[in-house]
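Structural features, examined
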Amino acid sequence: MSSVLGVDADGAVTVLPWPDDVVQQGLLIRAGVGGPADTGVYHRRAVLHVHGSGQRDGLPMNLAVWALACVWRGIELPYGLYGAAVVTGPQSQGLDDDLAAEVRAVCEAVADVRAEWRGRPPTGEGPARAELLAAARHARGTLRTTTS
């Protein structure tokens, strides 16, 4: 059994045991996102599973997963990702260790920025997005530099 990661809407990361059975995998993803899941491929070795109707259902935007998807895609996504997410490898595989480390690093960087905002709120949505993405890129870059 390999592992995948769950990312709560607040950015907290948990390791989820990845079953070999495809039906059990689907049930774990559904439980992890809290409902029907949509999948998005933002990295060739990872799949993001997010709530299929998270925005419509009023779920909070998952800033950590949004920043991760942006960093992996290399652009600022013009849409949000809402609610909890599950990150797996492609084709129903578990996540490689290096990508799991990237997920953790980006989520931690986003959490740090959000904690700073409690004492120093961002001046607007644009600067907030830019600050999150800068922190996420830096975390990923630092991780890649230390593992090379």
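Now for a quick tour of the structure. (Residues numbered from 1 in each chain as written. Predicted model: local features only at pLDDT ≥ 70, side-chain atom pairs only at ≥ 80, totals over all residues. Heavy atoms only, no water.)

Structural notes on the pattern of salt bridges
Under the convention used in this document: By definition, a salt bridge exists where a carboxyl oxygen of Asp or Glu is found within 4 Å of a side-chain nitrogen of Lys or Arg. Only DSSP runs of H or I covering at least 4 residues are called helices, and only runs of E covering at least 2 are called strands; the numbering of each starts at the N terminus. In this scheme, a residue with accessible area under 20% of its type's maximum is buried, one over 50% is exposed, and one in between is partly exposed, where area comes from a 1.4 Å probe on protein chains only.
Scanning all chains against the criterion turns up seven salt bridges. With its nearest N and O atoms 2.6 Å apart, the salt bridge here joins D96 to R45. In this pair, D96 is assigned in the loop between β5 (85-88) and α3 (97-117) and R45 in the loop between β3 (37-43) and β4 (46-51), connecting sequence segments 51 residues apart. Relative accessible area serves as the criterion here: at 35%, D96 is assigned to the partly exposed category.

What to know about the environment of G6
What counts here: The contact criterion used is simple: two residues touch if any of their non-hydrogen atoms lie within 4.5 Å.
Summarising the element assignment, G6 is placed in strand β1 (residues 2-7). Owing to a relative accessible area of 6%, G6 belongs among the buried residues under this scheme. Considering only alpha carbons, one finds G6 and S53, 47 residues apart in sequence, at a separation of 18 Å. Those residues within four positions of G6 in sequence are excluded, and the remaining contacts are A12, V13, T14, L16, A85 and V86.

Observations concerning the side chain of H43
Worth spelling out the cut-off: Pairs of N or O atoms are called polar contacts if they sit within 3.5 Å, as long as, within protein, a hydrogen donor faces a hydrogen acceptor (for residues adjacent in sequence, only side-chain-to-side-chain pairs).
You can see H43 is positioned in strand β3. Here the side chain of H43 touches R45 through a polar contact of 3.0 Å, landing on its backbone nitrogen. Apart from residues no more than four positions distant in its own chain, H43 is found in contact with W72, L99 and R140.

Regarding helix α2 (residues 63-73)
Of all 11 residues that make up α2, 10 are buried, and the element is covered over most of its length. All of the buried residues along α2 are L63, A64, V65, W66, A67, L68, A69, C70, V71 and W72. Among the residues trailing α2, G74 stands out with phi positive, at a value near 85°.

Observations regarding unusual backbone geometry
For Q91, which is not glycine, the phi dihedral falls at a positive 50°. Within the secondary structure, Q91 sits in the loop between β5 and α3. Backbone geometry at S92 places phi at a positive 60°, although glycine is not the residue there. Its location among the elements puts S92 in the loop between β5 and α3. Take S92: its relative accessible area is 42%, and that puts it in the partly exposed class.

Some words on the side chain of H51
The residue H51 is located in strand β4 in this model. H51 gets classed as buried once you look at its relative accessible area, which sits at 9%. Of note is the side chain of H51, whose polar atom sits 3.4 Å from the backbone oxygen of G34. Separated by 3.2 Å, the side chain of H51 and the backbone nitrogen of G54 make a polar contact. Other than its neighbours up to four places away in sequence, H51 contacts V33, G34, G35, P36, D38, D57, L59, Y82 and A84.

That's the geometry; what it means functionally is another story.
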